[in-house]
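# Observations on the three-dimensional arrangement
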Amino acid sequence: MHGDAVLDNSLGCTILSGDVIIRHLAVHFKPDYVVFLTDVLGVYDRPPLESNAVLLREIAVHEDGNWSVVKPNLQNTNNQVEITVAAHDTTGGMETKILEAAMIAKLGINVYIVKAGTSHSLRALSGELRGEVPDDWLGTVIRFSRS
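Residues numbered from 1 in each chain as written. Predicted model: local features only at pLDDT ≥ 70, side-chain atom pairs only at ≥ 80, totals over all residues. Heavy atoms only, no water.

## Considering the pairing of strand β9 (residues 140-144)
Applied cut-off: Burial classes: relative accessible area under 20% of the type maximum marks a residue as buried, over 50% as exposed, and values in between as partly exposed (1.4 Å probe, protein chains only). Starting at the N terminus, helices and strands are each numbered in turn, a helix being any DSSP run of H or I of at least four residues and a strand any DSSP run of E of at least two. Here a strand pair is declared whenever DSSP counts at least two bridges between the two strands.
Most of β9 sits out of view: four of its five residues are buried. Taken together, the four bridges between strand β6 (residues 58-61) and β9 define a ladder with parallel strand orientation. The partner of V61 across the bridge, within β9, is F144. Bridge analysis of strand β8 (residues 110-115) against β9 gives three bridges, and the strand direction is antiparallel. When the bridges of β9 are listed, V111 appears paired with I142.

## As for the environment of L55
The line we're drawing: In this analysis, two residues are considered to be in contact whenever any of their non-hydrogen atoms come within 4.5 Å of each other.
Tracing the chain through its elements places L55 in strand β5 (residues 55-56). Here L55 falls in the buried class, since its relative accessible area comes to 14%. Sequence-wise, L55 and K71 are 16 residues apart; in three dimensions their C-alpha atoms are separated by 9.0 Å. Beyond its immediate chain neighbours, meaning those up to four positions away, L55 contacts L41, G42, V43, Y44, P72, L138, G139 and T140.

## Digging into the sheet that holds strand β3 (residues 33-38)
Stated formally: To obtain each axis, a line is fitted to C-alpha atoms, and for helices this fit is confined to the stretch in contact; angles are then taken between N-to-C directions over 0 to 180 degrees.
What the five strands build is an open sheet, ordered β3-β8-β9-β6-β7; its pairing is mixed. Looking at which strands have only one partner, the edges of the open sheet turn out to be β3 and β7 (67-71). The mean angle between the axes of side-by-side strands here comes to 20°, regardless of whether they run parallel or antiparallel. By the bridge criterion, six bridges tie β3 to β8 in an arrangement that is parallel. By the bridge assignment, L37 is partnered in β8 with V114. The strands touched by helix α3 (residues 119-126) are β3 and β8; relative to β3, the strand with the most contacts, the crossing angle is about 160°.

## So, unusual backbone geometry
P72 follows K71 through a cis peptide bond whose omega is -5°. Relative to the helices and strands, P72 is located in the loop between β7 and α2 (93-105). Phi is positive for K30, close to 50°, though the residue is something other than glycine. When you line up the elements, K30 lands in the loop between α1 (18-29) and β3. Exposure remark for K30: the relative accessible area of 59% places this residue in the exposed category.

## Side note on the nonpolar core
Using the following cut-off: In these notes, a set of buried Ala, Val, Leu, Ile, Met, Phe, Trp, Tyr and Cys residues joined through side-chain atoms within 4.5 Å is what counts as a nonpolar core.
Formed by 22 residues in total, the largest nonpolar core has its most connected members in V34, F36, V43, I104, V111, I113 and I142. Those elements that provide at least two residues to this core are β3, β4 (43-44), β5, β6, α2 and β8. Top contributing element to this core by residue count: α2, with six residues. The residues contacting F36, other than those within four sequence positions of it, are D19, I22, K97, A101, I104, V111, Y112, I113 and V114. One finds V114, A124, L129 and V133 within the second-largest nonpolar core, a separate group that totals nine residues.

By themselves, these figures tell us nothing about what the structure is for.
Written as structure tokens, this is what we have:
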């Protein structure tokens, strides 16, 4: 699914992100997991086209809504992540995706962010990644952490 232009009583016409839609569906249907398909392998610590960008393999969402990078251990960065939104992306890009994924994860539902059309996305969609994510899978898992 994806977002679209919608009519709104107070805004007139606005963009409704597919990421927002899936959060509402997750609250209602409580699936075992949610998969967000995107045009990059997952969430990076900076724009993925930068040569030193690092794919964040696992993000933990805490009770207070804050999140931290679990894997990999980001050296010399204070776990800082730079999130940018492309000018043409009217739905909020990766920033909205992470915020919505964090809210879903707080429900106890794992969220997998992965590049569409890859073997990695097929593995996520098929449910193969439940539990411990294998090292050869390229994407980002966002999970709830009680600590």
